[in-house]
Every structure is written in C-alpha cells, then in structure tokens.
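The chain contents come next:
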Amino acid sequence: MLFDLTPEQQLVQKLARDFAQNEVAPIAAEIDRDSRFPQETVDKLFRYGFFGICCPKEYGGAGGDTVSYVLMLEELAKCCASTAVITSVHGGLCMYLLNRFGSAEQKAQWLPRMNRDTLCSFALTEPDAGTDAATVSTMAVREGEDYVLNGSKTFITNAGHAGLYIILASTDRSKGTKGITAFLVSADNPGLTVGPPEEKMGLHASATCEVILQDCRVPARDRLGREGEGMKIALSGLDCGRIGIATQSVGIAQGAIDQTKEYVSQRVQFGKRISQFQNTQFVLASLQTKTDAARLMAWRAAALRDGGKPFGKEAAMAKLFASENANEVTRACLQLFGGYGYTRAYPIERMMRDAKVTEIYEGTSEAQKIVISRAMGVR
C-alpha cells in the first residue's frame, strides 16, 4: 500500500488547512462560548466547494475521492470539531446517501442545491431508539400518492439549519428493521417542526435538536429507495459516516497535540521548559504514535471505499480506535497544560469536551465492537 498523497489530494489538504486556520480557528472559541451555529463559515464552505468534494461533477461537485474528503475534514477538526461534524453529516453522510440511493429526479433536484446552499440532516435516532434502531416508532402510513409521517427524532445534527431531512420511519412495524423506509422531507414541509437546540457538554456550535413530525405529508416520489430499504440505507450511511467521525477524532487529537507542543515549548517550570522533561517527551511521543495509527486506519477505510471494496468493518475499527484515542489524547494534553488547561484561556478544554461524543454518535464504541466482531465471524 502506498501512502503518498497525489498532487490533487495535497492541494485539497493545503486549501483546507489554509481555510481552517484563516476562517475557522479565529471564531472557534467564540461560537463555542455562545453556542452559536457558524452560518458564516457554512456559507464559505459552500462557496469554496468543500461540501461537494465527493459529489459528482454533473451535479456541481468536485468529483473527488474519499481520501481527499478526509484530508479536508481533519483540517477542520483540528480547529473546530463543531464545524467538522456539520460538514461530516452534510457532505459525508447525506450527500453520499442521496447520490447512492436517490432516483435520477431526486439527485437532479437536490444534489446541486446541496453543493450550493442547502444543508442536509440525517434523522434516525429517537428518544427510545438509539443504538437499537429496530425500535423506531415514527410511522409512515401510505395514503394514496402520499405517505403521512408521525413521530419524533432526537439528537439530530444540523436540525433547524437544514433545508432537507432524510427521515427514517416504519412503514410496517410487524417487519421490524425490514419495515423501515427512508424519506426526503423538505424543511418547509408544514408537518415538520424543529425543537430548541440541546444544551450539550461539547460541540456547542453544532445544532442538535429534536425533529417533530405531525401529519407530515410526503409524496411517494420523495421516498428514498424502495419501501422497506430504510435500514439498509441507514447502515450504509453509518458506515460512511464512521469514516467521518474517525477523521474528526484524528483532527481533534492532532489539534490537541499541536496546541500542547507549542505550550510546553514556552512554559517554564523549575528552570526548564516543560518540553525538556523526559516525561513530557515520552507522553507526546506516545500520543503522536497512536494518532498517526488512527489516521492511517481512517485512510484505509476511505481508500477501500474509493476502490469499491467493502469497508464497513474497517470504518468501524477506525471509528472505535480513533475516538478512544482522541479522548486519551485530550485528557493527557490537558494534564500537560496544568491549571491553565482547565480554563478557557486555551482551546484544550474545548477539545476535551468535544472529543467525548466521538465515542457515542454514529454508533457507540460498544456498537462498533459488535460490528467488528460480526465481520470477523464471531457470533
């Protein structure tokens, strides 16, 4: 396996790094403090084409590969995990699902808009249906040429700012997971409303809300895939989304290491720079080694997807390892900052808060172990 990036991939990485440092980093602390959705950054991500890296050129995208996408996403996550997850859900999860499972008409209607100015949101989780997606209670009842959706979704990223929602609902509860169907629901549908943002431990600038469906009438032409294919579509999206969360985790970890290297090279204790203590050197060496390993695991999953090969197990492994590493790294780095790390004077406390959820969303660490063990044939 070659690890050299192509000139095109190197260009994407550089453009994303420059964008993150110039546009994302300067407001990261502010939007976290104020729990403010960074609409100005989202507008620029649209304008400069970052959302559409993997989208086909015929719909206005760049037609790039998944490796380019993860290179871009890591640079965003180094500076602001909230911005990274907004990008991951829209550009890595929703656009992927629409491009793979959408009809020609659906793709022509939505993908150009999703490249230009319209965020998308993925709505699977419910108050009583998290990891156990088979217990989805939102119902979709066929009435003539429409489906009528009733229920609610919770912890939905980009809700309230999205123009399009991918909604999973049961069309036949007696069939369990085989009775779940996916729908494309426009934000202006009068049957869809969004609750207030959740007050979270981290990712303060990422909108996470409840989505309520009350007699939400959706034309049958807006069904994504066939009836009963919803869980297949969701699982395919989660495989792809896990590459994004693994990469977000790598970015958080690398950003924390970079911040810590700068701090320990300046901070003096007992007449020496903290970086001169062997303990500091050993800690950072170990953290960087594990972070590089996490990055390579994410790249492997991305490369497999680009090659048209199965990547679900590798995506789960990357997400499991990278998310746990991000939490280890941010805790260890904060410790090297000492008391200052516990204040908002430095971004390390934000990175530590943001890291925790990577072990939870897109499937908990425990869920990833189930996916991996089943792929190994352990049952």
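Here the structure is shown first, and the text comes after it.
Our subject in this report is the structure included herewith. (Residues numbered from 1 in each chain as written. Predicted model: local features only at pLDDT ≥ 70, side-chain atom pairs only at ≥ 80, totals over all residues. Heavy atoms only, no water.)

### With respect to the pattern of salt bridges
Then step 1. One pass over the full model with this rule turns up 22 salt bridges.
Then step 2. Here Arg295 makes a salt bridge to Glu74, at a shortest N to O gap of 2.8 Å. Taken together, the residues Arg295 in helix H7 (residues 278–306) and Glu74 in helix H3 (residues 66–79) connect sequence positions 221 residues apart.
Then step 3. Owing to a relative accessible area of 14%, Arg295 belongs among the buried residues under this scheme.
Then step 4. Among the charged side chains, a network of salt bridges with common partners joins Asp32, Arg344, Glu349 and Arg353. (Salt bridge = Lys/Arg side-chain N within 4 Å of Asp/Glu carboxyl O. Helix = DSSP H or I, 4+ residues; strand = E, 2+ residues; numbered from the N terminus. Buried < 20%, exposed > 50% of the residue type's maximum accessible area, 1.4 Å probe, protein only.)

### Quick notes on the side chain of Thr260
Then step 1. Of note, Thr260 is situated in helix H6 (residues 230–264).
Then step 2. For Thr260, a relative accessible area of 0% gives the class buried.
Then step 3. In this view, Thr260 contacts Leu284, Cys333, Leu336, Phe337 and Ile348; residues no more than four positions away in its chain are not counted. (Contact = heavy atoms within 4.5 Å.)

### Thoughts on the nonpolar core
Then step 1. Ranked by internal contacts, the top residues of the largest apolar core, which has 110 residues, are Met114, Phe122, Leu149 and Ile166.
Then step 2. Among the elements that make up this core, the one with the highest residue count is H6 (13 residues).
Then step 3. Here Met114 is in contact with Phe46, Phe51, His90, Cys94, Met95, Leu98, Cys120 and Leu164, once residues within four sequence places are set aside. (Core = buried A, V, L, I, M, F, W, Y, C linked by side-chain atoms within 4.5 Å.)

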